[in-house]
Structures are given as structure tokens and as C-alpha cells.
Amino acid sequence: MTSRFRIGTYANAGGAGLSVLDLADGGWSVGPADAGVPNASFGTYSPRHGLYYFVDEQPAGAIGCYRDGAGGLERLARVATHGVDPCYISLDRREDLLAVANYGSGDIALFRLDATTGLPVDPPEMRRNAGRGPVAERQEGPHAHCVCFSPDDRWLFHVDLGTDQILAYPIDPATRSIGAPCIAFAAPPGSGPRHLVFHPVLPLALLASELASTLTVLQVAEGRLIARQTVSTLPASHETRNICGHLSLNAAGDRAYVTNRGHDSVAVFGWNEAGILTPLQHVPSGGASPRAFVLLESERQMLLANEQDGTVTILALREDGTLSPPGTPLSVPGAAFPFVMAR
């Protein structure tokens, strides 16, 4: 039986590929790695096509397309992202469009998926932003860090850390191509917007800004995102350097989780029906530079990849949505991205 849990790793940090994480009665253990899935720092799965899509985050970026096979994942295609350092990938709800954010080159790529095979059709539509921000070492130009579809599939949002902007592209319902962008949200200068997630029910979104270490509640309104509240991801007592990382919600949308790299913690927030965030907890990550995590609500656990330490820590998920401190970390060199395989 194929393990449901994997961890993508960076080769330049000692990663051997997409590693297996096994959960048994005795706890978690690290299994063999699939070297055919290198530098998988982000990925997604298409139930419609039965395919996994992982970015290969290297300077000449690519998407690897895989299907479950008898001996593990079988690669069906490898497609260039036409940009540098791809770091984020997402599907629309119909699963006929695939969008990629190329961080290094500051552009996004929108691929159509072949209706029969599910493979990306090359070439994609490319869009590149222009501009810069005030933080010279991180904002010398555009840096696309996230690209995601609105819940109604009418808009494609492009989160640009380098220019402190979120762009919105209208999606033509007939041709499925994207039109000219508008600025959906102008973030505070130097804040470095990183990840955007949408509430599962309410017309709200949540933005993690990496350089400012903040979360911003956004009202969603026809390609516009209107700020309603901004809170720090850090405790008031923390004064040293920090950048925030991965952001996710629980299935109900009443808890938000974001990592702090520097403070090395996971911040947990309540998110009520009025759209108000309330800080609940800061729990140690158990390793340096927590990059990404996956919330396993049925297992009542969180898998957290600590990039700098090359470890994965497991935090128990309590009934109220807060987290217990992690136990002994698992060694996974190059750990970058925990992922749950389809059942």
C-alpha cells in the first residue's frame, strides 16, 4: 500500500527526492525517497485527472506530472514553467487550468490542461509584473510568490512579494484565457505579501506578508481585496529578525495557522464569522526555519518541515484547534514541503 504522506526536499540541502513518511502504531518514521521527484517545494493533486503536479524549484523551473503506479509515482511529463524558481502551483475548481508562480523571474504561467490526459498544454499564457519595493535585498524587482483562483473561478490572483501588490486577472468563462490585470490590493510598502488563502464559506481572504510578519483579513469583492484587519504573527515580546512563511486554514475556516521563521514557531489564530482574527497561541516549531506544513485533521496532527534544520516535526492538534509542542524531530535532509497523497 502506498504511503499517504510524503515530504518534498531540496537537493542542494541534501534532499534525496520525495521522501515517504509512514504513520503506524509506533508513531512516525521516514521511508525511502523517490529521486525522480526532485526539489518538490510545492504541489497539488487533480482528482479529475488522477495526477499529481509538483514544481521542480530550480533556476530552470519545471512542473513534474505524476500518476500512482505499481512501483510508486510514475512521471508522465516534465514541462518547463518558462520562468525561474517556481514556488507555487494551483488548480482551478474545474481542473482544466493550472497556474504557476515563478519567484525568481517574477512572472506567472497559466497552462490549459488537456481534457483527456490532464497534462499541461505548452506554451502557457505568461504574465509578468513590474516594479520594486523598498526592501533592497528582497524587493529589487517583482517576485511572484503565490497564484490562486478565486472560489468562483472568475479571477486569478497573483501575489507579488517584490512589488507589495496582489494583481487580479479576469478569466473569460468561454475561452478560459485571462484578461488585463487590475491591482486587487496594494499592500503596505515593504510588507512583502507571500501567501493568499480564501475562506471556505465567507467572502473573505487571508494574506500572510512575509517581510512584515503580518496577517491581513481581506474582503473579497469582484477582483478587489479590501483590508479589514491586520495583526502581527509574532508575540509582542519578540524583537529579533523574523519572516513568516506558510499559511493555511482548517476545514471549517475558524482557525488560521502561519509559520514564523526566526521566532521559529507556529502562530494559531481564531477567525470568527465576523471576520475578526484573534491570536490563540504561539507554539515552538521544534526546528529552525519552519517553511511549510500540512494539517491532518482526521489524524489530529500537523506535519511541519523545518528547512534550515532538515527536520520534520509532528504537533498534536487539540480539540480547540491549538497545537501541542512537538516531539522528537524526524531527520529529513532538505525538508521543504509536506504533502498528503490521495487515498
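Our structure is the block above this text.
Values in this document were obtained by computation on a predicted structure and should not be read as measured data.

1. With respect to the packing of aromatic side chains
Then comes step 1: Considering all chains together, one arrives at 10 aromatic pairs under this definition.
Then comes step 2: Taken together, a centroid distance of 4.2 Å and an interplanar angle of 25° make the contact between Phe42 and Tyr88 stacked. Taken together, the positions of Phe42 in strand β4 (residues 40-46) and Tyr88 in strand β8 (residues 86-91) put the pair 46 residues apart, joining distant regions of the chain.
Then comes step 3: Using a relative accessible area of 10% as the deciding quantity, one classes Phe42 as buried.
Then comes step 4: Among the residues examined, Tyr88 registers a relative accessible area of 11% and is labelled buried.

2. Here's the deal with the pattern of salt bridges
Then comes step 1: What the rule picks out here adds up to 12 salt bridges.
Then comes step 2: For Arg127, the salt bridge identified is with Glu125, shortest N-O distance 3.2 Å.
Then comes step 3: Given a relative accessible area of 25%, Arg127 falls into the partly exposed group.
Then comes step 4: Three or more residues are tied together by salt bridges with common partners; here these are Asp92, Arg94, Asp96 and Arg176.

3. Notes on the nonpolar core
Then comes step 1: By size, the foremost hydrophobic cluster in this structure holds 63 residues, and its most contacted members are Tyr53, Phe54, Leu156, Phe157, Ile166 and Leu196.
Then comes step 2: Ignoring anything within four residues of it in the chain, the contact list for Phe157 reads Cys146, Val147, Cys148, Ser150, Ile166, Leu167, Ala168, Ala184, Leu196, Phe198, Gly223 and Leu225.
Then comes step 3: Leu204, Ala208, Cys244 and Leu277 belong to the second largest nonpolar core, which has 16 residues in total.

4. Considering the sheet that holds strand β10 (residues 107-113)
Then comes step 1: Strand order across the open sheet formed by four strands is β8-β9-β10-β11, with antiparallel pairing between neighbours. The sheet terminates laterally at β8 and β11 (120-128), the two strands that pair on one side only. In this sheet, neighbouring strand axes are inclined to one another by 20° on average, regardless of whether the strands run parallel or antiparallel.
Then comes step 2: When β8 meets strand β9 (residues 97-102), the two strands line up antiparallel, connected through five bridges. When the bridges of β9 are listed, Ser90 appears paired with Ala99.

5. Description of the state of the cysteines
Then comes step 1: Overall, the coordinates contain zero disulfides when judged by the stated rule.
Then comes step 2: Take Cys146: it sits in no disulfide, and the sulfur closest to it among the cysteines is that of Cys148, at 4.1 Å.
Then comes step 3: Among the residues examined, Cys146 registers a relative accessible area of 0% and is labelled buried.
Then comes step 4: With no disulfide of its own, Cys182 lies closest to Cys148 among cysteine sulfurs, the gap being 14 Å.

6. A short note on the environment of Leu76
Then comes step 1: Of note, Leu76 is situated in strand β7 (residues 72-80).
Then comes step 2: Of the residues examined, Leu76 reaches a relative accessible area of 34% and is grouped as partly exposed.
Then comes step 3: Linking Leu76 and Ala115, residues 39 residues apart in sequence, is a C-alpha distance of 15 Å.
Then comes step 4: Other than its neighbours up to four places away in sequence, Leu76 contacts Leu51, Cys65, Tyr66, Arg67 and Leu119.

Basis of the calculations
- Residues numbered from 1 in each chain as written.
- Predicted model: local features only at pLDDT ≥ 70, side-chain atom pairs only at ≥ 80, totals over all residues.
- Heavy atoms only, no water.
- Phe/Tyr/Trp six-rings, centres within 6.5 Å; stacked < 30°, edge-to-face > 60°.
- Helix = DSSP H or I, 4+ residues; strand = E, 2+ residues; numbered from the N terminus.
- Buried < 20%, exposed > 50% of the residue type's maximum accessible area, 1.4 Å probe, protein only.
- Salt bridge = Lys/Arg side-chain N within 4 Å of Asp/Glu carboxyl O.
- Core = buried A, V, L, I, M, F, W, Y, C linked by side-chain atoms within 4.5 Å.
- Contact = heavy atoms within 4.5 Å.
- Pairing = 2+ DSSP bridges.
- Axes fitted to C-alpha atoms, helices over the stretch in contact; angles between N-to-C directions.
- Disulfide = S-S within 2.5 Å.

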